[in-house]
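What follows is the residue order along each chain.
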Amino acid sequence: MSSEPMSSRTASRVLFAFFVAVGLFTGIRSLAKAPVAPVAWAVALGFSLLQALVIWALVRRHPGRPANPAFVWAGLLGGFAGGIAVPSNSALVAIQSQMGGPTYAAALVSPTEEELVKALAVLLIAAGWLRIRRPVEAAVLGIAVGGGFSIMENISYINRFALESFTSDAGGALEGTLVRLSACPFAHSLYTGLAAWGIGCLLARTDKSAGWRIGRMLGWFALGFVVHGAFNASPDLAGLVSEEVQAAAYLVVIVLQWVLAFWLYARTRKIGRRS
């Protein structure tokens, strides 16, 4: 039985329901306003369903998972509702572009909002339904939330590739799917898993001082933000480095994302087994 006041848990549940309602409405409305290539949506939905099943398979029996099995679907839903960041990201990037400055600076805008909304989803789910006993449990929840957010992005990106393709909608949709797949479809699970470890420290390490717990939360959030920002900025370094160095930097970051994603999953399993 949780020692937290029921009123606090109820408030977290209400806030999460509001977050999901606003996020889904905003994200779906933003997608609906854009031109649609039906074949692209079919491809994107198929790819997203496959990704959701993979995430479910990876975390449902994870040794570090929260006790409540509903965390998987709550996490995917919370991440999907992170689509609330889609229109605001576009607006901020447009403002940054009008103000001038280096092109890679715009790539650092989206991680700010995206990581904040995903971290908020983790915090609300954990506070409303889960009793986080170990930081690793929050990290596993973060993997699910990041997967849900990636699903929302897949639909938008794959549809855009189809619309901008010089060959056909189907060819563009497949190209977009390959781009998303090669760039690591678990990237958002990596970013949010790192940030969520800090949230787990905040919620579970009650043996530590408030300053220590808040510091860990901010530090792990910053790490997730830095990895996300590096991926966003690496393909857009025009004016700073040559095209060859830019391409190499992008390749290195992609490889690093895959390595870190596998490391995070393996590491959390190891910690989960011994805790």
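Residues numbered from 1 in each chain as written. Predicted model: local features only at pLDDT ≥ 70, side-chain atom pairs only at ≥ 80, totals over all residues. Heavy atoms only, no water.

## Digging into the overall build of the chain
When helices and strands are tallied, the chain shows 10 helices and 0 strands. Reading the chain from its N end, one meets helices and strands in the order α-α-α-α-α-α-α-α-α-α. Here the chain holds 275 residues, and the buried ones make up 45% of them. Residue pairs at least 24 apart in sequence account for 79% of intrachain contacts in the chain once pairs closer than 6 positions are excluded. (Helix = DSSP H or I, 4+ residues; strand = E, 2+ residues; numbered from the N terminus. Buried < 20%, exposed > 50% of the residue type's maximum accessible area, 1.4 Å probe, protein only. Contact = heavy atoms within 4.5 Å.)

## Here's the deal with the packing of helix α5 (residues 109-129) against helix α8 (residues 187-204)
Across the interface, α5 lies against α8 with an axial gap of 10 Å and an inter-helix angle of 45°. As the angle between them shows, α5 and α8 are arranged oblique. Our pair here, α5 against α8, has a crossing hand that is right-handed. From α5, E114, E115, K118, A119, V122, L123 and A126 reach across to α8, where they touch H188, Y191, T192, A196, I199 and L203. Residues of the contact of α5 with α8, tallied by class, amount to 8 nonpolar, 2 polar and 3 charged. (Axes fitted to C-alpha atoms, helices over the stretch in contact; angles between N-to-C directions. Parallel < 35°, antiparallel > 145°, perpendicular 65-115°, else oblique. Left-handed = near helix turned anticlockwise from the far one by under 90°. Nonpolar A, V, L, I, M, F, W, Y, C, P; charged D, E, K, R; others polar.)

## Some remarks on the packing of aromatic side chains
According to the stated counting rule, one finds 6 aromatic pairs in the structure shown. Seen in terms of ring centroids, F16 and F19 are 6.4 Å apart; in terms of plane orientation they differ by 25°. Their pairing is stacked. In this pair, F16 and F19 both sit in helix α1 (residues 6-33), 3 residues apart, roughly one turn of the helix. Judged by relative accessible area, which is 7%, F19 ranks as buried. Each residue in the set F16, F19 and W129 is aromatic and connected to the rest through ring pairs, giving one cluster. (Phe/Tyr/Trp six-rings, centres within 6.5 Å; stacked < 30°, edge-to-face > 60°.)

## Some details on the environment of V259
Among the secondary structure elements, V259 is positioned in helix α10 (residues 243-274). The partly exposed category is assigned to V259, whose relative accessible area is 48%. Expressed as a C-alpha distance, the spacing of V259 and C184, which sit 75 residues apart in the sequence, is 9.7 Å.

## With respect to the environment of I55
On the secondary structure map, I55 appears in helix α2 (residues 38-59). Relative accessible area serves as the criterion here: at 1%, I55 is assigned to the buried category. The sequence separation of I55 and G146 amounts to 91 residues, and the corresponding C-alpha distance is 9.6 Å. If sequence neighbours within four positions are ignored, I55 has contacts with L76, I143, A144, G147, F186 and S189.

## What to know about helix α7 (residues 169-182)
Look at α7: 20 Å from first C-alpha to last across 14 residues, which is about the 20 Å you get at 1.5 Å a residue. Considered for burial, the residues of α7 that qualify are G172, A173, G176, T177 and R180. The arc enclosing the buried residues of α7, seen along the axis, measures out at 140°, which places them on a common side. Those residues of α7 that are exposed and aimed more than 90 degrees away from the buried face are L174 and L178. In this fold, the buried residues of α7 make contact with α2 and α6 (135-164). C184, located one to two residues past α7, shows a positive phi value of around 85°. (Expected span 1.5 Å × (residues − 1). Arc of directions from axis to C-beta.)

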